[in-house]
Amino acid sequence: MSTDGEVLLAAQAVAKHFGGVKALRDVSLTIRRGEIYGLIGPNGAGKTTFFNCMTGLYVPDGGGFVFDGAPLKADAPHQAAERGIARTFQNIRLFGNMTALDNVMVGRHVRTEAGIFGAVFRGRAARDEEAAIRRRAEELLHYVGVADRAEDLAKNLSYGDQRRLEIARALATEPKLLCLDEPAAGMNGAETEELRVLIEGIRADGVTILLIEHDVKLVMGLCDRVAVLDYGALVIEDVPSVVQHDPRVIEAYIGVAA
Amino acid sequence: MNPLLGALPVRKTIVYVLAAAALLILPFVAALGGQAWVRIVDFAILYVFLALGLNIVVGFAGLLDLGYIAFYAVGAYLWALLASPHFGLHLPFWVILPLGAIVACFFGVLLGAPTLKLRGDYLAIVTLGFGEIVRIFMNNLNAPINITNGPQGITLIDPVAIGDFKFSTVSTLFGITFSGPQKYYYLLLVLVVGVIIINIRLQHSRIGRAWQAIREDEIAAKAIGINTRNMKLLAFAMGASFGGIAGGIFAAMQGFVSPESFSLIESIMILAMVVLGGMGHIPGVILGAVLLTVLPEALRYAVVPVQKAVFGEVLADPESLRMLIFGLALVLVMRFKPAGLWPSPDRRRELAEKSR
């Protein structure tokens, strides 16, 4: 894909420490509109911390993010979603006792507005909105391929279906940037392939994707550009073919030759 | 296919009509056992109202609130102060009830705001403290300026009245004689139907889903853009307003309020109604409230005669035995039906799937 697209998200010297541990050391990177951007690194490199800072779950100790032309407010996760950043979680966080359909319907929250009075009096506008929410949620369930489990409780879905459902819920917020935290973790080869097709489809629909992943093959095959984090610092940010052969990346993953 | 499927709506209508008819004649059936039973039924409905209010906070949003009775107290005292000789004010009910809802709502936000970051047991402790603070205030606000009349409480509170039609006295309408408690019954019935409709509609709405999401996983709820702070405050405020309205009716019905009526055990009872019935499931909560109000009263009447019949004499003090049986019943229900007596279909389906 294009390597000269407009910048959607710019991280500017983002720093985060937990006590003495420097989880992120002045990480700066840019994600361009329409690309699939991979973020890789060994365990504990700070990938998820980076995600959490970006989506407002953590407040960075330094630096910040510019998203879609304006700074992102720290410590305001619901505003990140409102601005157009959606995410999934490394350890799936669905609303387990809600049905699959309800999980996606609640994802429409940020793009809808019925309040207490709408809920209680059910005027025309509220009813129409509710019907639209349901329709869109059903479409999204179809899109990710779990439509046949719509009425099942989320926690009773298979692992792969839960991953897909979480993506559907994130898509329901109409994101500009979809952040997937290790979506292929625990999946077999066939499931990973299905996931790859799904992610490419989402990108084709115009959503930019940030992918944290351990499956190097998936990342290298799917991503337009890749950033490598090690010990909280950015090692390299480039196209996969360059990243793959960079000695610093090899060192980060395998260690230095004796 | 199943022949019942087509007939279901008709059957449903018949059930509804029968239930409505039963509810309409209930106060006259109860009156056969004396007006005391009509009052018990009145209180059962009042507690249904309260439990459904608390259900918004605990059942829908998952916020464990042990100080719910405080809002009931606020509503009750507001009515007592604005419609009694205490200050010489006698405002009509259509002013006081909405005002009670608004003031209780304000107190709900007041309690909610500092507790937003707390969950589960921590939240329970803070709300418990809040409930006690309100009660102790009511107990002590008689000096230096006498506002609440302290532990003596406020007496001679005005009943609910529409024009000259008072709900406290016997009156004859359409050739039928209604006692005071019977009239309150119909008033409460109207209010409780209202709160049931509000509960059902809230549950299946954008707001209700957001509450459920917060209950299930607050971090995920934030991540999909739910403003958890506002949604929690909204739950506290809604629950509190219902508590305030119930409190007002309570004050008017009793004609007397004192801090004693708003002790911690009352909060716990209302919470027990919600949990015992089936948290978040409206029919379950109604069942829980009715059982927990009527059962202790029924035991009060049964304990002495049963002992006399079995042992020939009264061995155990009726009051303590009654609470013992009651407590035992609660323990047994929680042991064998942990999701409540009448849990939501989701929970039932869950169990069915496990056993499949």
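Residues numbered from 1 in each chain as written. Chains lettered and ligands numbered in written order. Predicted model: local features only at pLDDT ≥ 70, side-chain atom pairs only at ≥ 80, totals over all residues.

Caption draft 1: Quick peek at the overall build of chain A. Helix and strand counts for chain A stand at ten helices and ten strands. Here the C-alpha radius of gyration of chain A, 19 Å, is about what a compact globule of 258 residues would show, namely 18 Å. The C-alpha extent of chain A, read off along each of the three principal axes, is 70 × 40 × 35 Å. The buried share among the 258 residues of chain A stands at 45%. Long-range pairs, those at least 24 residues apart, make up 67% of the contacts in chain A between residues at least 6 apart in sequence. (Helix = DSSP H or I, 4+ residues; strand = E, 2+ residues; numbered from the N terminus. Rg over C-alpha atoms; globule rule 2.2 N^0.38 Å. Buried ≥ 20, exposed ≤ 12 C-beta atoms within 10 Å, placed from the backbone. Contact = placed C-beta atoms within 7 Å.)

Caption draft 2: Just the interface of chain B and chain A, in detail. Listed by partner, the interface residues are 25 residues for chain B and 31 residues for chain A. Those elements giving two or more residues to the side of chain B that touches chain A turn out to be α6 (180-203), α7 (206-216), α8 (218-223) and α13 (345-355) of chain B. At eight residues, the largest contribution of residues to the side of chain B that touches chain A is made by α7(B). Among the residues forming the side of chain B that touches chain A, the class breakdown is eleven nonpolar, five polar and nine charged. (Nonpolar A, V, L, I, M, F, W, Y, C, P; charged D, E, K, R; others polar.)

Caption draft 3: Inspection of the packing of helix α3 (residues 100-107) of chain A against helix α5 (residues 124-144) of chain A at higher detail. Residue and element names in this part refer to chain A. Put simply, α3 and α5 touch, their axes get as near as 9 Å, and they point 115° apart. Regarding α3 and α5, the two cross each other, and that crossing is right-handed. Side by side, α3 and α5 meet where Ala100, Leu101, Val104 and Met105 of the first sit next to Ile133, Arg134, Ala137, Glu138, Leu140 and Leu141 of the second. Here the residues of the contact of α3 with α5 sort into eight nonpolar, no polar and two charged. (Axes fitted to C-alpha atoms, helices over the stretch in contact; angles between N-to-C directions. Left-handed = near helix turned anticlockwise from the far one by under 90°.)

Caption draft 4: Expanded view of the nonpolar core. One finds Leu211(A), Phe49(B) and Ala51(B) to be the most contacted residues of the largest nonpolar core, which totals 174 residues. Top element by residues in this core is helix α2 (residues 35-60) of chain B. It accounts for 17 residues. The residues contacting Phe49(B), other than those within four sequence positions of it, are Leu188(B), Leu191(B), Val192(B), Val195(B), Phe242(B) and Ala246(B). (Core = buried A, V, L, I, M, F, W, Y, C linked by C-beta atoms within 7 Å.)

Caption draft 5: Quick peek at the sheet that holds strand β5 (residues 70-71) of chain A. All names here are of chain A. Read across the sheet, four strands follow the order β2-β1-β4-β5 without closing on themselves; strand pairing throughout is antiparallel. Every interior strand has two partners, whereas the edge strands, β2 (21-32) and β5, have only one. Pairing of strand β1 (residues 7-18) with strand β4 (residues 62-67) involves five bridges; the strand directions are antiparallel. Within β4, the position partnered with Ala15 by the bridge is Gly62. Packed onto the sheet, helix α1 (residues 47-54) meets β1, β2 and β4 and runs at close to 65° relative to β2. (Pairing = 2+ DSSP bridges.)

Caption draft 6: Main features of the domain arrangement of chain A. Residues and elements named next belong to chain A. Domain annotation of chain A identifies domain 1 (1-84 + 175-258) and domain 2 (97-169). The gap between the C-alpha centroids of domain 1 and domain 2 is 27 Å. Domain 1 puts seven residues into the contact, and the matching count from domain 2 is six residues. Of all the secondary structure elements, the ones that give two or more residues to the side of domain 1 that touches domain 2 are α2 (77-83) and α7 (189-204). By residue class, the composition of the side of domain 1 that touches domain 2 is four nonpolar, one polar and two charged. (Domains from an automatic or database assignment.)

Caption draft 7: Fine view of the sheet that holds strand β8 (residues 208-212) of chain A. All names here are of chain A. Read from one edge to the other, the open sheet built from six strands follows the order β6-β7-β8-β3-β9-β10, with strand pairing classed as mixed. Every other strand in the sheet has two partners, leaving β6 (85-87) and β10 (233-238) as the edge strands with one partner each. Pairs of neighbouring strands in the sheet enclose a mean axial angle of 20°, with direction left out of account. As paired elements, strand β3 (residues 36-40) and β8 share four bridges and run parallel to each other.

Caption draft 8: Fine view of the packing of α2(B) against helix α9 (residues 228-254) of chain B. All names here are of chain B. In contact at an axis separation of 8 Å, α2 and α9 are set at 165° when each is read in the N-to-C sense. On the basis of the axis angle, α2 is roughly antiparallel to α9. Here α2 and α9 pass one another in a crossing that is left-handed. Across the interface between the two elements, Asp42, Leu46, Phe49, Leu50, Leu52, Gly53, Leu54, Ile56, Val57 and Phe60 from α2 touch Ala235, Phe236, Met238, Gly239, Phe242, Gly243, Ala246, Ile249, Phe250 and Met253 from α9. (Parallel < 35°, antiparallel > 145°, perpendicular 65-115°, else oblique.)

Caption draft 9: Representation of the environment of Leu32(B) in the model. Secondary-structure assignment places Leu32(B) in the loop between α1 (3-31) and α2. Between the alpha carbons of Leu32(B) and Ala143(B) there is a distance of 46 Å; along the sequence they are 111 residues apart.

Caption draft 10: Local environment of α7(B). α7(B) sits mainly inside the fold: eleven of its eleven residues count as buried. Taken together, the buried positions of α7(B) are occupied by Arg206(B), Ile207(B), Gly208(B), Arg209(B), Ala210(B), Trp211(B), Gln212(B), Ala213(B), Ile214(B), Arg215(B) and Glu216(B). Of the surrounding secondary structure, the elements contacted by the buried residues of α7(B) are α3 and α4 (116-121) of chain A together with α2, α6, α8 and α9 of chain B.

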